[in-house]
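Structural description and commentary
Next come the chains, spelled out residue by residue.
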Amino acid sequence: MATVTDVRTQERVSTGAAIWSWITTIDHKRIGVLYFVTSLIYFLVAGIEALLIRLQLATPDGEILDPDLYNQLFTMHGTAMVFMVAMPMAAAFFNFLIPLMIGARDVAFPRLNAFSYWTFLGGSLLMHSSFLFGQAPDGGWFGYANLTSKEYSPGLSIDFWGLGLLVLGVASVAAALNFIITIINLRAPGMTLMRMPVFVWMTFVTSFLIIFAFPAITAALIFLEFDRLFGTNFYEVAEGGDPMLWQHLFWVFGHPEVYILVLPGFGIASEILPTFSRKPIFGYSAMVFAAVAIGFLGFSVWAHHMFTTGMGTIADAAFAGSTMLIAIPTGIKMFNWVATCFGGRIRLTTPMLFALGFLTTFLIGGLTGPMLAAVPLDLHFQDSYFVVGHFHYVLFGGLILALMGGVYYWYPKITGRMMSEKIGKVHFWLMFMSMNLTFFPMHFVGLDGMPRRVSTYAADMGWEGWNMFISISAFGIGLSVLVFLHNLVVSYKKGEPAGNDPWDARTLEWAIPSPPPEHNFDEIPQVTHRDQVWYDKYGEGHGSAAELSKVDTSVAEHAEEDEEHDVHMPNPSYWPLLVSAGLTIAAAGLLIHILVAIFGVAWTIVAIYAWSLEPASDPPNEH
Amino acid sequence: MRAPKHALSWQSMRLVFLTIVGAITVILLAGCGAVDTPQTALFPRSDNNQVINDLFAPLTWLAIVIFVLVQGLLMYSVYRFRVSDDDDSIPPQVHGNTRLEIAWTLAPSIVVVIMLILTYQAMAIIEADPPEDALRVRVVGHQWWWEIHYPDLDVVTANEIHIPIDRPVYFELESNDVIHSFWVPRLMGKRDLMPGSTNTIWFTPSEEGLYAAQCAEYCGTAHAQMRFHVVVESEAAFNKWLDKQREPAAEMTGDAAEGASLFVSRACVTCHTIRGTDSIGTIGPDLTHVASRAYIAGGILENTTTDVAAWLSDPQGLKPGNKMILPVELSSEDIRLLTAYIRALR
Amino acid sequence: MSDAALAHEAHEEHPTSTGLNHRKILMWAFLGSECIFFGSLITTYLVYRGKSVVGPYPGEILNIPLTSVSTFVLLMSSLAMVLSLAGFERAAGAGTDEERRRSELKKGRFWLLMTAVLGTGFLGFQVYEFYEFVHHGLGLTTNLFGTTFYVLTGFHGTHVGVGVVWLVSLLVLSYFGKVKPLDVELGGLYWHFVDIVWIIIFTLIYLIPS
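Here is a short report on the structure shown in this document.

Here is what the cut-offs are and how they apply
Residues numbered from 1 in each chain as written. Chains lettered and ligands numbered in written order. Predicted model: local features only at pLDDT ≥ 70, side-chain atom pairs only at ≥ 80, totals over all residues. Heavy atoms only, no water. Contact = heavy atoms within 4.5 Å. Buried area = accessible area lost by both parts, 1.4 Å probe. Salt bridge = Lys/Arg side-chain N within 4 Å of Asp/Glu carboxyl O. Polar contact = N/O pair within 3.5 Å; in protein donor to acceptor, adjacent residues only side chain to side chain. Helix = DSSP H or I, 4+ residues; strand = E, 2+ residues; numbered from the N terminus. Nonpolar A, V, L, I, M, F, W, Y, C, P; charged D, E, K, R; others polar. Phe/Tyr/Trp six-rings, centres within 6.5 Å; stacked < 30°, edge-to-face > 60°. Buried < 20%, exposed > 50% of the residue type's maximum accessible area, 1.4 Å probe, protein only. 1 Å grid on protein atoms, 1.4 Å probe; cavity = no way out; pocket = protein on both sides within 12 Å on 5 of 7 lines; lining within 4 Å. Points joined across faces, edges and corners; volume = space filled by probe spheres on them. Pairing = 2+ DSSP bridges. Axes fitted to C-alpha atoms, helices over the stretch in contact; angles between N-to-C directions. Expected span 1.5 Å × (residues − 1). Bend = angle between axes of the 7 residues up to and from the residue. Patch = residues over 30% accessible without salt bridge, like charges linked within 9 Å, V, L, I, M, F, W, Y side chains within 5 Å. Areas by Shrake-Rupley, 256 points an atom, 1.4 Å probe, with all protein chains shown as cover.

This part covers the interface of chain A and chain B. Quite often, the size of an interface is put as the accessible area lost when its parts meet. On the chain B side, the residues contacting the 120 residues of chain A number 102 residues. Roughly 9500 Å² is buried in total at the junction of chain A and chain B, and carbon and sulfur atoms are behind 70% of that figure. The tally of links between chain A and chain B comes to two salt bridges. The interface formed by chain A and chain B contains 29 residue pairs in polar contact (both at pLDDT 80 or more). The element best represented in the side of chain A that touches chain B is helix α14 (residues 421-447) of chain A, accounting for twelve residues. Classifying every residue of the side of chain A that touches chain B by side-chain character gives 67 nonpolar, 33 polar and 20 charged.

See the structure below:
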C-alpha cells in the first residue's frame, strides 16, 4: 500500500517527515508542485536580473552595472528564463496534469520522473553557483563560438554554463521520454489519441521535440567543453575549425526549442478557451495536425537565425521559405481559437483574460515572425532590439501569459482553493499592459539602430526616451509579479473552497476531488467522448443547462472518502535524488578536479545499480 | 460550486479594454511617425538599403492589417458573446466547420506566397554580385575596434570609413578574433565578420553625411563600445582624403615632437603603427592620421584635446576591458605632450 | 541514464493502451534521441573532413584491414545477442519442462557472455587502434581529424562499454532469477543500435576515402 503521506493529512506529521516525504516522493502531482515552486523562484531571480538590466539601460551611459556584470546578467537572464523557468514551469503543468487528463494513476516511470526533477535542480544550482565565485556565465544564452573559447573567455564562467546545460539536458530528455511513454501507454480505456485533450497533444509534440532537439545541443556542448577542458579543435579557427559549426548545432536545437517553449502555452490556452466559452475547441483535428506540422517544420528552419552570417543566397532563400511556411499552421491555430470563442458563452474570468491576452500578444509576436524571415529585413532586425521585442512577445506573450492563465485555471485543482478573482484581474491588467508597454517600444529602438546585448549606449543616439519608457514599464511587470505572488499565498490560506469542478470544465481532471487523492482515480474512468466530463454533465450538450441535470459531484466525493481502495502505488524512493546528485557532482568535478568528477561518476553508477535493484512497490513484483 | 462573482462590472471592463487598445494605438502611431535618429534603419541613404526599406513598408502594413482583422474578430467575439458569471446557458456545441477551416488554411498560405515573392525580389537585388567598378574596402574586426583597408588604394586606417557618393562600395569583412557584425543602419543591413572566412556586402551610397554605426554581434566585454563611422563624401573630397591618408606621418615640432618621443618611451609603439616612424605595433589601431578622424577609441569619444587627454589618463575607466593597458600611469605632463602629438597626426 | 535502472519501473501487471511494454517504447524513443546525437557527431566529422591544417591525415593512418576485423567481431556479437535472447525466451516459454528450461537458460547465458566477450574484444581493438594512432603522432588535439575522430569513435566506444557492463549485469542477475526475457530484449535493442551506428561510422570514415 501507499506510504506517502496524503496531502490532506500532512499537517499532522512532523516537519522532518514531511520534508523526507517530499525528497522521496515519486507522486507526479508533488513533483509537479516541486517543479512549479523551483521554476517560480528562478522566475524571480531572472526577473530581478532583467530589472537590473533595465535600470542600467534607463539612461544613456548608465553606470549602475559595469559591462562584465551586465554581460553576466543578460546571459543568465536568457539562460535561466529558457531552461530554468519556461521549460520546468511547463514541466510542472505536464507533471500535474497529464496523468489526470488521460485517466492514469501516475506517469509511466515515477522514479524517472523524480530523477528528472532532481537533475533539473542539480544542473540549475550548479550553473547559479557560479555567482558565488564571481564567475557567472557571460557568453550569452546562445554562447556563440569562438567567443566562448578558452582564449576569449578564460576562467570557469563558460564551463559553469556548458556543464550546467548538459545536466539540464539530461533532465529534460528524461522527462520528455517519460511523458511520451505515459501518453502512448497509460491512457484510460476509450481515450483514443484523437480524444485526448489538446493540452495532452501539445505535451506529446513538445516531448518529441525535446528528445530530438536536445541531442544536437548536447553534442555542441560536449565539443565546447572538450575544447575548453582538453584542448580539442572543434571551434579553433587557427586549426581549421569553424564557429559556424556551433551556430548550426545550436540552432538545430534552438529553433525547435522555441516550439518546445510555446506549444505548452498553446495547450493551456486550448483548455481555457473552450471552458470559458462553453464550447468545444473549434477544429480539434486541425489543431492537432497544425501542432504536429509546426513540430516537423520546426526542424527545417534553424538557419533563419543565421541570415547575416553569409550562408549564400540559396540557403537564405530556402530557410526564408521554410520559416514562412510555419505561418500557415500557426494561422490555422489562431483562427480556430478565435472561432472557439465565437458563438460561445464567454465568462471573463482571470484565466480567460490571460488566455485572451495570450492570443493578442502571441498574434503580435507571430506577425513579426514572418517579417524576420524576410531575409533583407532580417539584415536590419537581426541582433537589434527589434528581435528582442519580437521574441518577448512570443515568449512572454505566448508562454508566460498562458502559464499564468494556467495557474489561475488549475490552482483550484491543485490546492482545493480558488485564487482571488479580484486580485487576479488586477494582476492580469497590470501585467498585460506593462508587458505591451515594455516590449512594443523595443521594436522601435531596434529600428532606430540599437543593437542587442549592449551594456550602454551614447546619449546622442535618440534612444534614451524609449529606453526610459521601457524601463519604467518593466517595473510594472515586476509589480504585477508581486501581485501574483500575493494572490498565490493569500488564496492558499483564504481562498474559497473549490470543489471538484469550479469552472464547469470539460476534461477528466475535473471529475475528481481537489486536490486529487494520491492515486488520482478510485476507478480508472471509461472514456467514450472527447471532453468526457462535459459529456457526462450535459450529454451532447445542445440547449441550456436548465434542461439538463448536472451530476451531483459532492455525493461522489463523500463516497470516495469512505471507501478504502486497494490501489497499488509505487514506493517512495531516494535513489533518483542520489543519481541526480552523482551526476551533478560529476559535472561539478570537471570544474574542480578530475578526481571529484570520477568520484561523481562512481557515485552515479552505484546509485543506478541500487535504483534498479530496488523493488518498485510492495509486495515485490516477483513473477 | 460556482466561480466567485466578478469584482469589476462590465462597464469598467470595457473601459479598461478601450484604454489598452488606446495605449497600443498611441504607441503604434508614435512608431509610425518615426523620428530621424542618427543610427536609424528607417531613413535609407543607399540604393540597396532603399530596396530593404521598400520591402519593410508592405510587409509591415500586411502585418498590421492581419492584426487588426484577427484581433478585431477576437474582440468582437468576446464582446458579442460575453455572459455574466451566473449564466448557465449552453451554446450550440460546434466542433468545427470544414469549409471555414479550409478557408483559413488558404488565407495564410496566400499571404505567405505574397511575402515570399516580395522577399525573393528584394533578395535578387541586394544579394546580386557587386558591379565591376565597385570600390573595395576590407574591414577587419578586432576586440573592440575596426581595422580598415583599401587594398587597391594602399590606405590603412581605423574606425572611420570614407567612401565616395554614388559609387558602389564593396566590403570584404573579416575578423581577427571573435565574431563581430558590420552594421551601418542608414546605409545597409548587417553582415557578420566571421573569423576564418571572408564575408561580403555592397551598396551604393546616395547622400553625403557622417553615419554612425556599431558592432551588432555580441563580442565580449566592450561590445557596446565598438562603434565606428562612415563618411560619405564627394568624389573630390574622397580623393583628397585618400592622398592625405597615403602620406607618412607629419614632421613634428615643439610639444608634439616631445610627445612623439614619449610615444616611444612609454611603450605606445608596441601596439600602434605610425607610418614614417619606428612605431609598427599591430595590436591597436593605426594612428598615422588619427587626428583626421572625427572620433577616437572605437568611436566612443570625440577627437578633441580634452577627450584625447581623458582617454590617455583612464582608458580602462572609459572603455572597460579594452586592450589598451598602460604599462605605467602617465603623468599629466606626459598626457599633455602625448595629446599634442596625437592631435598633430593629421 | 542507464535503462537498467528502470528495470522495475514499469507496471507490467497493468495492461497498457497500446499493448506494448513501457520500457520497450522507452528504449525505442531513447534510441531515436541517440540517433540525433550520433548524427551530430558523424556530421561534424564529415563537415571537417579534409579541413585539418596539419597531419597526420586519415589516409595515412587508418588501418582498414584491422578495423574490418574488429567490425566483424562487433557484428558477430549482435548475432550472439540474438541467440542469447532466443535462449531466454525459450526458457521462459518452457512451462513445466524444468530440464528444457534449464538447458535453454544455459544457452541464453552462454550467448550473453559471448556477446559481452565479443564487445570487449571490439573495445580491445579500439584501444589498440588508439594506441597505434597516438604512436603515429595523432593525438586528440593534434588536428581536426584527431579531434573529430577520437570524439566520435570514443563516444561510440563508451556506448559499447556501457553495453558490456549492462550485459554482464544481466548475466549476474540471471543467476538470482531476476532476469526476464524482456530485460535481455531491451539490452539487445541497445546493443544492436550501437552495432548499427558502428556500421555507419565504419562505412563513412574508413571505407569512403576522403
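Listed by partner, the interface residues are 43 residues for chain C and 44 residues for chain A. Surface buried jointly by chain C and chain A totals about 3900 Å² across both partners, of which 68% is contributed by carbon and sulfur atoms. The interface formed by chain C and chain A contains 14 residue pairs in polar contact (both at pLDDT 80 or more). Contributions of two or more residues to the side of chain C that touches chain A are made by α1 (22-47) and α5 (144-174) of chain C. Counting residues per element, the side of chain C that touches chain A draws most heavily on α1 of chain C, which supplies 13 residues. Counted by class, the side of chain C that touches chain A contains 21 nonpolar, 19 polar and three charged residues.

Here we come to the packing of aromatic side chains. All names here are of chain A. Inspection of the entire model under this criterion finds 88 aromatic pairs over all chains. The interplanar angle of 75° and the centroid separation of 5.2 Å between the aromatic rings of F266 and W337 together place this pair among those described as edge-to-face. In this pair, F266 sits in helix α7 (residues 243-277) while W337 sits in helix α10 (residues 327-341), placing the two residues 71 residues apart along the sequence. In this pair, the class of F266 matches that of W337, namely buried. On the basis of an interplanar angle of 65° and a centroid distance of 4.7 Å, the ring pair of Y409 and W410 is categorised as edge-to-face.

Let's shift gears to empty space enclosed by the protein. Residue and element names in this part refer to chain A. Tallied over the entire structure, the rule returns ten cavities of 30 Å³ or more. Counted as a void, the largest cavity has a volume near 220 Å³. Together, 20 residues line the largest cavity, and M87, P88, A91, S172 and A175 are the ones closest to its centre. When contributions to the lining of the largest cavity are tallied by element, the ones reaching two or more residues are α3 (67-102), α4 (110-128), α5 (157-185), α6 (198-230) and α7. Classifying every residue of the lining of the largest cavity gives 16 nonpolar, four polar and no charged.

Glancing now at the sheet that holds strand β8 (residues 199-203) of chain B. All names here are of chain B. Read from one edge to the other, the open sheet built from five strands follows the order β3-β2-β1-β5-β8, with strand pairing classed as mixed. In this open sheet, the two edge strands, each paired with only one partner strand, are β3 (155-158) and β8. Averaged over all adjacent pairs, the angle separating strand axes in this sheet is 25°, with direction ignored. Alignment of strand β5 (residues 169-175) against β8, held across five bridges, turns out to be antiparallel. Across the sheet, the residue bridging to V169 is F203, located in β8. Its contacts with the sheet place helix α4 (residues 235-246) against β1 (135-142), β2 (145-150) and β3, and it is angled at close to 95° to β3.

Residue and element names in this part refer to chain A. Over its 33 residues, α6 runs 47 Å from end to end, which matches the ideal 48 Å to within 8%, given 1.5 Å per residue. When the local axis directions of α6 are compared, the greatest deviation, roughly 25°, occurs at A213, which is followed within four positions by the proline P215. α6 sits mainly inside the fold: 28 of its 33 residues count as buried. A positive phi of about 75° marks G231, the residue just after α6.

Here the focus is a nonpolar patch on the surface. Residue and element names in this part refer to chain A. A contiguous nonpolar patch, built from F230, L590, I594, L595 and I598 and spanning about 460 Å² of accessible area, is present on the exposed surface. In terms of residue count, the dominant contributor to the nonpolar patch is helix α19 (residues 594-613) (three residues). Topologically, L595 is positioned in helix α19.

It is worth spelling out the arrangement of the chains at this point. The highest contact count of any of the two pairs of chains in contact belongs to chains A and B. The two units chain B and chain C remain apart, with a minimum C-alpha distance of 12 Å.

Next up on the list: the pairing of β1 of chain B. Residue and element names in this part refer to chain B. Burial runs high along β1: six of the eight residues are buried. The sheet contact formed by β1 and β5 spans seven bridges and is parallel. Bridge pairing links G141 to S175 in β5. Bridge count for β1 against β2 is five bridges, and the pairing is antiparallel.

With an omega dihedral of 0°, the bond running from A145 of chain A to N146 of chain A counts as a cis peptide bond. A cis amide bond links Q143 of chain B with the next residue in sequence, W144 of chain B, at an omega value of 0°. If you trace the backbone, W144 of chain B turns up in the loop between β1 and β2. The phi angle at R453 of chain A is positive, at roughly 60°, despite the residue not being glycine. The residue N520 of chain A is not glycine, and still its phi comes out positive at about 65°. Assessed through its relative accessible area of 1%, N520 of chain A is described here as buried.

All names here are of chain A. Structurally, T24 is set in the loop between α1 (15-23) and α2 (28-57). Since its relative accessible area comes to 5%, T24 is described here as buried. Each residue touching T24, except ones within four places of it in the same chain, is listed here: P572, S573 and Y574.

The next point concerns the environment of A220 of chain A. Residues and elements named next belong to chain A. With respect to the helices, strands and loops of the structure, A220 is situated in helix α6. Taking the relative accessible area as the measure of exposure, A220 reaches 0% and is therefore buried. For A220 and F250, which are 30 residues apart along the polypeptide, the C-alpha to C-alpha distance reads 6.7 Å. Residue contacts for A220: discarding those within four places in its chain leaves Y235, W246 and L249.

For the rest of this paragraph, the subject is the pattern of salt bridges. Going through the model one piece at a time under the given rule, you end up with 30 salt bridges over all chains. Between E217 of chain B and R453 of chain A there is a salt bridge; the shortest N-O distance is 3.9 Å. With E217 of chain B in the loop between β9 (209-214) and β10 (227-233) and R453 of chain A in the loop between α14 and α15 (464-494), this pair bridges two chains. Overall, the relative accessible area of 9% leaves R453 of chain A in the buried class. Note that K537 of chain A is salt-bridged to D501 of chain A, the shortest N-O span being 2.4 Å. One end of the pair, K537 of chain A, is in helix α16 (residues 532-538); the other, D501 of chain A, is in the loop between α15 and α16, and 36 residues separate them in sequence. By relative accessible area, K537 of chain A is classed as buried at 10%. Overall, D501 of chain A belongs to the buried group, its relative accessible area being 14%. Several salt bridges converge on common partners, so that one network encompasses R278, D501, D504 and K537 of chain A together with D88 of chain B.

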